[in-house]
Amino acid sequence: MKVKKDDASKKQKKVKKKAPINMNPFQSVGTKLFFYIFGGILACVLTMGIMAYNQSKSIIENKVSESGQQTISQLAVNLNNTLKKYDDLTLQVMVDPAFHELVGTVTDKQLGEYEKFEATKDISSKLQSMIFGNDNINGMALIPVDSSANIITAGSAQHSKVEQLKEEPWLEEVKELNGRTVWIDARAGGLIANNTSSASFGVARLLKNTTSSQAVYVLVLDISTKGILNELDRISLGEGSELSIVNANNHYMVHADASKVTTESVFKLDGSEHNSVSTTLEGIGDVLLMHNVLEYTGWYLVGNIPVEELVKDAEVIRNLTINLAIIAALIAVGIAAIVIITIGRPLINLRNLMQEGAKGDLTVRSTIKKRKDEIGQLSSSFDQMMEQITYLAEQTKNSADAVLMTASTLTDASTKTAISAKEIAVATEEIANGSTSLAVEAERGNDITYMINEQMQQVIHANEQMVQSAYDVEQASGKGTAYMAELIEKTGMTEVMTREMVTKVDSLKDSTRSIVQILDVLNAVTKQTNILSLNATIEASRAGNAGKGFMVVANEIRNLADQSTQSIDVVAQITDRIQNEIVETVDVLSKAHPMFQEQIHSVKEANVIFENVQGQMSGLITKLEEVTRSVQKLEASQHVLNEAMSNVSAVAQQSSATSEEVASLSSEQLSVSDNLVILSTELSEVSNALKETLSQFKV
């Protein structure tokens, strides 16, 4: 309880050291509430102004986008008409009969060089006259399909540049299109003519004879981009806008800056014929992007307008919104000053009075008496609260004195009760310890008895297994004796059969010798037959033609004699092999006969051993039955001892449980007594602390 007293004193010290809070008037509740409301209104005004600006910007972009797309579409129509003139010019050359007649003269190999020169000159003059009719055509050239023909140029076209065009892939495309035009991408410095002031693009067509349909030349026009630029300069989509033409690969074909021609553009077109979108371009910013496809070339007419230039007028709304917000902020500052004077300062005075009351001065009262608004009501409520707190402090001080006296009396009684409870608890604990020891010993005796019982069961079970094993051994011995008698009988029969086999093998050996003797006789007969056949052959040869038939018979007899000799040799070999095997068999049987006799002797000895084992096992079974009866009597005595130990253990456990319960109750009584002493002490300390706390209030 010393700790709680120290904590209370520390809290009192902290209250005493707490410095008064000097709040900034702008941190008062009224000021904050005003700024919250004003901030919400100002946010609404700013949001509405920005929304109006964005809506105006969107409307302007949509209107300009529609107007610009219409302008782009109309300009695309005009450019298509211009490009159509160049296409028609190439078509005019292709269908001109006089032109094809001159071309035929140039390509005719039977004519002389002078006629070809004059025809070439006339073609060049014809092309030159077409160039004079259009200032945007820099030059024209005829590239021969057959490498044997010559290049024909007109205008500013240069022969060296035309030669370089023969290696470009678009020339093969012109030949494959079979008379349709191919538009050649723009190039800085000219296509077939030197033009440093502007870029130029080209159009090419395969010229086929209208009568023979034979293709001889490819017509190429070098067209300056100045004419297209003049068309683009006449149109303005707005302040800062730009018009250009790009091909399908997104490279500039026509641009006001000639250095950008053939470079990659910043536009990302979607591939549609015409469209208008709002996008952001690198290095330019937000723009309105419009495009339209040129019918003849497949290129894109592209226009872009900076969004910043479009929404200049709409920025007036945004600036007006910002100015209004600044003016409103200034007005808010003035209103906040009024709120601080009329609401903030009175609240600060009341807060300071509350701080004095928190320090212990309960005599402080508010000086705001004349105001009838919420501030005046708060001042009156503060005075009433301080009066109630003063009354409660006096009453609490009187109660603390009475409680302090009661706590002293209660502490003495609790101390005496605690001493008595300790003595009772010690005695009860000694009784419980003795009962517990008795229960433990009884439990140990019970466990030992149970272990002896289990071991007796194991002995009985082992004895039963031994008896059964003895019976099994006795039966096995009887069967072994019977088997050994039968084995002796069969072994004797085997010996007799072996003897008979030796006799028969000896007879077979004698028969084999007889066969050998017969084979010797047959061999001699065969040799004699062979000699007779030889003599018959000699006599038949002497007889001449009359002895030919006899000679044939003699030859056959000789052949039969040879075959008999071969057969006798084979049979002799077989007979020798049989005779050798018979000799080996006789040797083996001679060696096996003594082994059979030894086996008969061993079997008889084993039979005697089995008979002795059977007799001894009968005596062992009789002794095991006596042991089983003794063990059964010992098991009955063990059961009686086990029941007695169980009863002793149960009584000891019950006695120990009763002693422990008494000890537990004594401990609880001691704990209650100790708690009562502690509570009395705490009550005394709290009373003293309450008295000290109330002493700091000034009433």
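Since this is a predicted model, take the numbers as computed values, not measurements.

## Digging into the overall build of the protein
So, step 1. When you go through the protein residue by residue, the secondary structure sums to 11 helices and 10 strands.
So, step 2. Sorting the 699 residues of the protein into buried and exposed places 33% on the buried side.
So, step 3. Restricting the contact set of the protein to residue pairs at least 6 apart, pairs at least 24 apart contribute 68%.
So, step 4. Accessible surface for the protein amounts to roughly 42500 Å². Of this, 57% is attributable to carbon and sulfur atoms.

## Considering helix α3 (residues 97-107)
So, step 1. Turning to α3, its buried residues are Phe99, His100, Leu102, Val103 and Val106. Projected onto a plane normal to the axis of α3, the buried residues spread over an arc of 160° and lie on a single side. Facing away from the buried surface of α3 by more than 90 degrees, the exposed residues are Pro97 and Glu101.
So, step 2. Between the side-chain oxygen of the N-cap and the backbone nitrogen of alanine 98 there are 3.2 Å, and the N-cap of α3 in question is aspartate 96.

## Some words on the pairing of strand β10 (residues 300-306)
So, step 1. For β10, the buried fraction is high: seven of the seven residues fall into the buried class.
So, step 2. Neither face of β10 is exposed, since Tyr300, Val302, Asn304 and Pro306 on one face and Leu301, Gly303 and Ile305 on the opposite face are all buried.
So, step 3. Sheet analysis places strand β6 (residues 242-246) next to β10, joined by five bridges and oriented antiparallel. Among the inter-strand pairings, serine 244 is bridged to a residue of β10, identified as valine 302.
So, step 4. By the bridge criterion, seven bridges tie strand β9 (residues 285-293) to β10 in an arrangement that is antiparallel. Bridging from a neighbouring strand, histidine 291 pairs with valine 302 of β10.

## Some thoughts on the packing of aromatic side chains
So, step 1. On inspection of all chains with the given rule, the structure shows two aromatic pairs.
So, step 2. Consider the rings of phenylalanine 201 and tryptophan 299, whose centres lie 5.6 Å apart with planes at 80°: the pair is edge-to-face. Of this pair, phenylalanine 201 sits in strand β4 (residues 195-208) while tryptophan 299 sits in the loop between β9 and β10, and the two are 98 residues apart along the sequence. Side by side, phenylalanine 201 and tryptophan 299 carry an identical accessibility label, which is buried.
So, step 3. Of the aromatic side chains, those joined through ring pairs into one cluster are Trp183, Phe201 and Trp299.

## A short note on the nonpolar core
So, step 1. Within the largest apolar cluster, 51 residues are counted, with the highest numbers of intra-cluster contacts made by Ile123, Leu127, Leu142, Tyr217, Leu232, Ile245 and Leu301.
So, step 2. Top contributing element to this core by residue count: helix α2 (residues 29-94), with 10 residues.
So, step 3. Those residues within four positions of leucine 142 in sequence are excluded, and the remaining contacts are Phe99, Ile123, Leu127, Asn150, Ile151, Ile152, Leu207, Tyr217, Val218 and Leu219.
So, step 4. Listed in part, the 17 residues of the second largest apolar core include Leu165, Leu191, Ala204 and Val220.

## A look at the environment of aspartate 569
So, step 1. Inspection of the secondary structure assignment puts aspartate 569 in helix α11 (residues 548-694).
So, step 2. With relative accessibility at 38%, the residue aspartate 569 sits in the partly exposed group.
So, step 3. Distance in space between the C-alpha atoms of aspartate 569 and leucine 519 is 8.6 Å, their sequence separation being 50 residues.

## Quick notes on unusual backbone geometry
So, step 1. Not every positive phi belongs to a glycine, and asparagine 178 is a case in point at roughly 60°.
So, step 2. Structurally, the position occupied by asparagine 178 is in the loop between α6 (169-177) and β3 (182-189).

## Structural notes on α6
So, step 1. Among all positions of α6, only Trp170, Leu171 and Val174 are buried. Here the buried residues of α6 occupy an arc of 110° about the axis, which is enough to place them on one side. Those residues of α6 that are exposed and aimed more than 90 degrees away from the buried face are Pro169 and Glu176.
So, step 2. Of the residues flanking the end of α6, it is asparagine 178, one or two places downstream, whose phi is positive at about 60°.

## Brief notes about the packing of α3 against helix α4 (residues 113-132)
So, step 1. Where α3 contacts α4, the two axes come as close as 8 Å, and the packing angle between them is 145°. The way α3 lies across α4 gives a crossing that is left-handed. In this structure, α3 contributes Phe99, Leu102, Val103, Thr105 and Val106 to the contact, and α4 contributes Glu115, Lys116, Ala119, Thr120, Asp122, Ile123, Lys126 and Leu127.
So, step 2. Broken down by class, the residue content of the contact of α3 with α4 amounts to seven nonpolar, two polar and four charged.

## Observations regarding the pattern of salt bridges
So, step 1. On inspection of all chains with the given rule, the structure shows seven salt bridges.
So, step 2. The residue arginine 187 makes a salt bridge to glutamate 168 at a minimum N-O spacing of 2.4 Å. With a gap of 19 residues between them, arginine 187 in strand β3 and glutamate 168 in the loop between α5 (159-165) and α6 connect regions that are remote in the sequence.
So, step 3. Taking the shortest distance from any N to any O, the salt bridge between lysine 175 and glutamate 172 comes out at 3.9 Å. With lysine 175 and glutamate 172 both in helix α6 and three residues apart, the pair spans about one turn of that helix.
So, step 4. The exposure class of lysine 175 is partly exposed, given its relative accessible area of 28%.
So, step 5. A relative accessible area of 46% means that glutamate 172 is categorised as partly exposed.

## Side note on the layout of surface pockets
So, step 1. Computed from the structure, the largest pocket encloses a volume of approximately 450 Å³.
So, step 2. If you go around the largest pocket, you meet 16 residues; those closest to its centre are Val106, Thr107, Lys116, Ser148 and Ala149.
So, step 3. Residue assignment for the lining of the largest pocket shows that the elements contributing at least two residues are α3, α4 and β5 (215-224).
So, step 4. It is α4 that provides the largest number of residues to the lining of the largest pocket, a total of four residues.
So, step 5. Here the lining of the largest pocket is composed, by residue class, of seven nonpolar, five polar and four charged.

## Considering the environment of serine 259
So, step 1. Positionally, serine 259 belongs in the loop between β7 (252-254) and β8 (274-281).
So, step 2. Sequence separation between serine 259 and serine 198 is 61 residues; the distance between their C-alpha atoms is 9.1 Å.
So, step 3. At 2.7 Å, the side chain of serine 259 forms a polar contact with the side chain of aspartate 257.

## Points about the environment of valine 627
So, step 1. Relative to the helices and strands, valine 627 resides in helix α11.
So, step 2. Relative accessible area serves as the criterion here: at 41%, valine 627 is assigned to the partly exposed category.
So, step 3. For the pair valine 627 and isoleucine 460, spaced 167 residues apart in sequence, the C-alpha to C-alpha distance is 9.3 Å.

## Quick word on the confidence of the model for the protein
So, step 1. On average, residues of the protein carry a pLDDT of 75, and 77% of them reach 70 or more.
So, step 2. For the protein, the element scoring lowest by mean pLDDT is helix α1 (residues 2-17), at 42; strand β1 (residues 137-144) scores highest, at 89.
So, step 3. The model gives residues 1-23 a pLDDT under 50, and that stretch makes 19 contacts with residues more than four places away or in other chains.

About the thresholds
Position numbers for residues start from 1 in each chain and track the written sequence from start to end. It should be noted that, the model being predicted, local features are given only for residues of pLDDT at least 70 and side-chain atom pairs only at 80 or more, the latter also being counted only at that level, while totals for whole chains, interfaces and linings use all residues. Computation of side-chain values covers all heavy atoms of the structure but excludes hydrogens and water. Under the DSSP-based scheme used, a helix requires at least four consecutive residues in state H or I and a strand at least two consecutive residues in state E, with every element numbered from the N terminus. Per-residue accessibility, obtained with a 1.4 Å probe over protein chains only, is compared with the maximum for each type, and a residue is labelled buried under 20%, exposed over 50%, and partly exposed between these values. Whether two residues are in contact is decided by their heavy atoms: any pair within 4.5 Å suffices. Using the Shrake-Rupley algorithm and a 1.4 Å probe, accessible areas are obtained, with residue cover drawn only from the displayed protein chains. In this description, one arc is meant: the one made by directions from the helix axis to the C-beta atoms. Polar contact criterion, stated in full: a pair of N or O atoms within 3.5 Å, where within protein one must be able to donate a hydrogen and the other to accept it, and residues adjacent in sequence count only if both atoms are side-chain atoms. At least two bridges found by DSSP between two strands is the condition for calling them paired. Geometry of aromatic contacts follows a simple scheme: Phe, Tyr and Trp rings, the Trp one being its six-membered ring, pair when their centres are within 6.5 Å, and the pair is stacked under 30 degrees between planes, edge-to-face over 60, tilted otherwise. Buried Ala, Val, Leu, Ile, Met, Phe, Trp, Tyr and Cys residues form a nonpolar core when they are joined through side-chain atoms within 4.5 Å. Inter-axis angles, ranging from 0 to 180 degrees, are taken between N-to-C directions of lines fitted to C-alpha atoms, where helices are fitted over the stretch in contact. Helix crossings get a hand from a simple test, with the near helix turned counterclockwise from the far one by less than a right angle marking a left-handed crossing and a clockwise turn marking a right-handed one. Only Asp, Glu, Lys and Arg are considered charged, only Ala, Val, Leu, Ile, Met, Phe, Trp, Tyr, Cys and Pro nonpolar, and every remaining residue, Gly among them, polar. In the sections that follow, a salt bridge refers to a side-chain nitrogen of Lys or Arg positioned within 4 Å of a carboxyl oxygen of Asp or Glu. In this analysis a 1.4 Å probe is tested at points of a 1 Å grid over the protein atoms alone, and where it fits but cannot get out there is a cavity; an open set with protein on both sides within 12 Å along at least five of seven lines is a pocket; lining residues have an atom within 4 Å of a point. Grid points are joined across faces, edges and corners, and a volume is the space filled by probe spheres set on the points. A score between 0 and 100, pLDDT records how confident the predictor is in each residue.

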